[in-house]
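Chain by chain, the residues:
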Amino acid sequence: MGSINFADIDIRPTWESPWLQQKLAADPVAETILNGYVADLTSLGFTASQQSVAVDVGRYPVARHQESRRLPAASLTKVATTLAALETYGVNHQFETFIGWQGTITNGTLQGNLIIKGAYDPLFVWEEGIALGNTLQQLGIQQVTGSLIVIDQFVMNFNTDPLASGEMLKQAMNSAAWGWAVEKQYATLPPGTPKPTLQIQGPVQIASAAPTINQASGWLVCHKSLPLAVILKAMNIYSNNVMAEMIANLSGGSANVVKIAEQTGVTPGEISLINGSGLGEDNQLSARAVIILMQAIQNRLQPYNLNFADLFPVSGTDTGTLIDRTLPINASVKTGSLAVVSALAGAFPTEQKGIVWFAIINYGSGLETLRARQDRLLASLEKQWGKANQVPNPIKATLQFNQEPYRLGDPKRNEIIQPPQAQSQ
């Protein structure tokens, strides 16, 4: 009989009760730390009842203050939007933008119009337009005598005006028309990436979908967006409000985001939203609700070998809204700011307690003061429980935005439907 490695066997008692687990999670020192944090804010003139804080280990509270109090939560709203998007589409969903044509194609010239059929892709940016221009030229289209016709919901560079987005796509596909903004993004693409020179002679036009589709001579390319998980990561790193609004609308609007949150376990009355981004004080959450939402995201992602850190910025790895913050290393968080709101929520690893989940919603003027106190609170908790020697797998990020295999402008996501030569025969 071979030797047994008992370290590989889970011998935790199956009879361990929620009561015992909660007792194991409890920590009077953490409560003292949190009470000191609230007292400090009060001494600075902030109202104690206008601060909502929750600190949990797993499903069990460790320290809390006004945790069920619903307050303006700014961009913590994006946590609810993230969950709604996952529930609506799934982590691997890709938005498809189709490129077609009207007319005839001869010797590299499209005598007619180029058509772009949008799909409300939240992350179609300069790099994607450059790659699309290169793909069309590789298909043999060097110039278009007619117009660029935009149908359906085409959004580029977070501009929801389809005409403006069409103008930017036209510019992206012809390097002779580039300005510094396009050149800057081109420089992030792999060395040797061609600069497209596709010339569209006519103007950008907006057209109705049905007749334009019926009049199309054919379809050339299906451009697929990055997977939804990567799009959400980008949205949360930079706290992009336009992306969040688009994603919330795609998920059924703010009312449906609230419905999904409550179905997940958020107590009715602890969430109230008017949009998906958090702009406006009428977007309100409690600290307890935010933790429920974050842990729901964690649970939804685990079957795909992903976790909360794969969709939110990580301290020490990502910048974005974390610049100038002093947070525990490897904490995965979401920030939120309005004129009188400073919020922070997420998870960080500790030596004694494992993964600690937290949500802090502060109401009052003085963002820099509140941010510094939030960072100090987390530092005190990490000191109490010990800095983790390594990142636990359940919050170890494996998905990196704009790195292989999830780079912006990857031509592999431009799938050829049918070359123009085959359609012209």
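Identification of the protein chain as D-alanyl-D-alanine carboxypeptidase from Adonisia turfae CCMR0082 is taken from an unreviewed UniProt entry.

This part takes up the overall build of the protein chain. Within the protein chain, the regular secondary structure consists of 13 helices and 16 strands. Overall, the C-alpha framework of the protein chain stretches about 80 × 70 × 40 Å when taken along its three principal axes. In the protein chain, once contacts between residues fewer than 6 apart in sequence are set aside, the share between residues at least 24 apart is 74%. Accessible surface, the protein chain as shown: approximately 18,200 Å² in total, 50% of it carbon and sulfur. With 28 positive and 32 negative side-chain charges, the protein chain shows a spacing of 2 Å between the two charge centroids.

This paragraph deals with the side chain of Ser-315. Along the chain, Ser-315 turns up in the loop between helix H11 (287–301) and strand E13 (332–338). By relative accessible area, Ser-315 is classed as buried at 10%. Setting aside residues no more than four positions away along its own chain, Ser-315 makes contact with Leu-322, Leu-327, Pro-328, Ile-329, Asn-330 and Ala-331.

Next up on the list: the sheet that holds strand E1 (residues 51–57). Ordered by their spatial adjacency, five strands build an open sheet running E2-E1-E15-E14-E13, and the pairing between neighbours is antiparallel. Edge strands, defined here as strands with exactly one partner in the open sheet, are strand E2 (60–65) and E13. Looking at each pair of strands side by side, their axes are set apart by 10° on average, direction ignored. As defined by bridge partners, strand E14 (residues 341–350) adjoins strand E15 (residues 354–363) across ten bridges and the pair is classed as antiparallel. Residue pairing in the sheet places Leu-344 in a bridge with Ile-360 of E15. Contacting E1, E2 and E15, helix H2 (residues 28–43) crosses the sheet at an angle of about 20° to E2.

Along the chain, Ser-342 falls in strand E14. The class of Ser-342 is buried, set by a relative accessible area of 1%. A distance of 3.1 Å separates polar atoms of two side chains, one belonging to Ser-342 and the other to Gln-374. When near neighbours in sequence (up to four residues on either side) are disregarded, Ser-342 contacts Gly-336, Ile-360, Ile-361, Asn-362, Leu-367, Leu-370, Arg-371 and Gln-374.

Next up on the list: the sheet that holds strand E12 (residues 284–285). A sheet is described by the order of its strands in space; here three strands give the open sequence E3-E12-E11, paired in antiparallel fashion. Lying at the two open borders of the sheet, with one neighbouring strand each, are strand E3 (71–72) and strand E11 (271–272). With two bridges connecting them, E11 and E12 associate as antiparallel partners. Bridging across to E12, Ser-272 finds its partner in Gln-284.

A few words now on helix H12 (residues 367–385). Because an α-helix packs 3.6 residues into every turn, residues spaced three or four apart end up facing the same way. Over its 19 residues, H12 runs 27 Å from end to end, which matches the ideal 27 Å to within 8%, given 1.5 Å per residue. Residues of H12 that are buried: Leu-370, Arg-373, Gln-374, Asp-375, Leu-377, Leu-378, Leu-381, Glu-382 and Trp-385. Considering only its buried residues, H12 is in contact with H2, E1, E2, E14 and E15. Within two residues after H12, Gly-386 carries a phi angle of roughly 90°, on the positive side.

Moving on: the pattern of salt bridges. Enumeration according to the criterion identifies 13 salt bridges in this entry. Connected through salt bridges with shared partners, the residues Glu-96, Lys-224 and Glu-415 form a single ionic network.

A few words now on the packing of helix H3 (residues 77–89) against H11. In the contact formed by H3 and H11, the axes pass within 9 Å of each other and the chain directions differ by 30°. Between H3 and H11, the crossing angle belongs to the class labelled roughly parallel. In this structure, H3 crosses over H11, and the sense of that crossing is left-handed. Where H3 abuts H11, its residues Val-79, Ala-80, Thr-82, Leu-83, Leu-86 and Glu-87 lie against Leu-293, Met-294, Ala-296, Ile-297, Arg-300 and Leu-301.

Let us look at the environment of Ile-323. Following the sequence through the fold, Ile-323 ends up in the loop between H11 and E13. Sequence-wise, Ile-323 and Glu-270 are 53 residues apart; in three dimensions their C-alpha atoms are separated by 30 Å.

Here we come to the layout of surface pockets. The space that makes up the largest pocket amounts to roughly 400 Å³. Lining of the largest pocket is provided by 19 residues; of these, Gly-58, Arg-59, Gln-295, Asn-299 and Trp-357 occupy positions nearest its centre. Those elements that provide at least two residues to the lining of the largest pocket are H11 and E15. If you tally residues by element for the lining of the largest pocket, the top one is H11, at seven residues.

When you tally the buried positions in E14, you get ten out of ten residues, the bulk of the element. Residue alternation in E14 divides its side chains into two sets, Val-341, Ala-343, Ala-345, Ala-347 and Pro-349 and Ser-342, Leu-344, Gly-346, Phe-348 and Thr-350, and both sets are buried. Relative to E14, E13 runs antiparallel, the two being bridged by seven bridges. Looking at the pairing, Thr-335 lines up with Leu-344 of E14. With antiparallel pairing between neighbouring strands as the criterion, E14 and E15 make up a hairpin whose turn holds three residues.

Rules of the game
- Residues numbered from 1 in each chain as written.
- Predicted model: local features only at pLDDT ≥ 70, side-chain atom pairs only at ≥ 80, totals over all residues.
- Heavy atoms only, no water.
- Helix = DSSP H or I, 4+ residues; strand = E, 2+ residues; numbered from the N terminus.
- Contact = heavy atoms within 4.5 Å.
- Areas by Shrake-Rupley, 256 points an atom, 1.4 Å probe, with all protein chains shown as cover.
- Lys, Arg positive; Asp, Glu negative; His and termini not counted.
- Charge placed at Lys NZ, Arg CZ, Asp CG, Glu CD.
- Buried < 20%, exposed > 50% of the residue type's maximum accessible area, 1.4 Å probe, protein only.
- Pairing = 2+ DSSP bridges.
- Axes fitted to C-alpha atoms, helices over the stretch in contact; angles between N-to-C directions.
- Polar contact = N/O pair within 3.5 Å; in protein donor to acceptor, adjacent residues only side chain to side chain.
- Expected span 1.5 Å × (residues − 1).
- Salt bridge = Lys/Arg side-chain N within 4 Å of Asp/Glu carboxyl O.
- Parallel < 35°, antiparallel > 145°, perpendicular 65-115°, else oblique.
- Left-handed = near helix turned anticlockwise from the far one by under 90°.
- 1 Å grid on protein atoms, 1.4 Å probe; cavity = no way out; pocket = protein on both sides within 12 Å on 5 of 7 lines; lining within 4 Å.
- Points joined across faces, edges and corners; volume = space filled by probe spheres on them.

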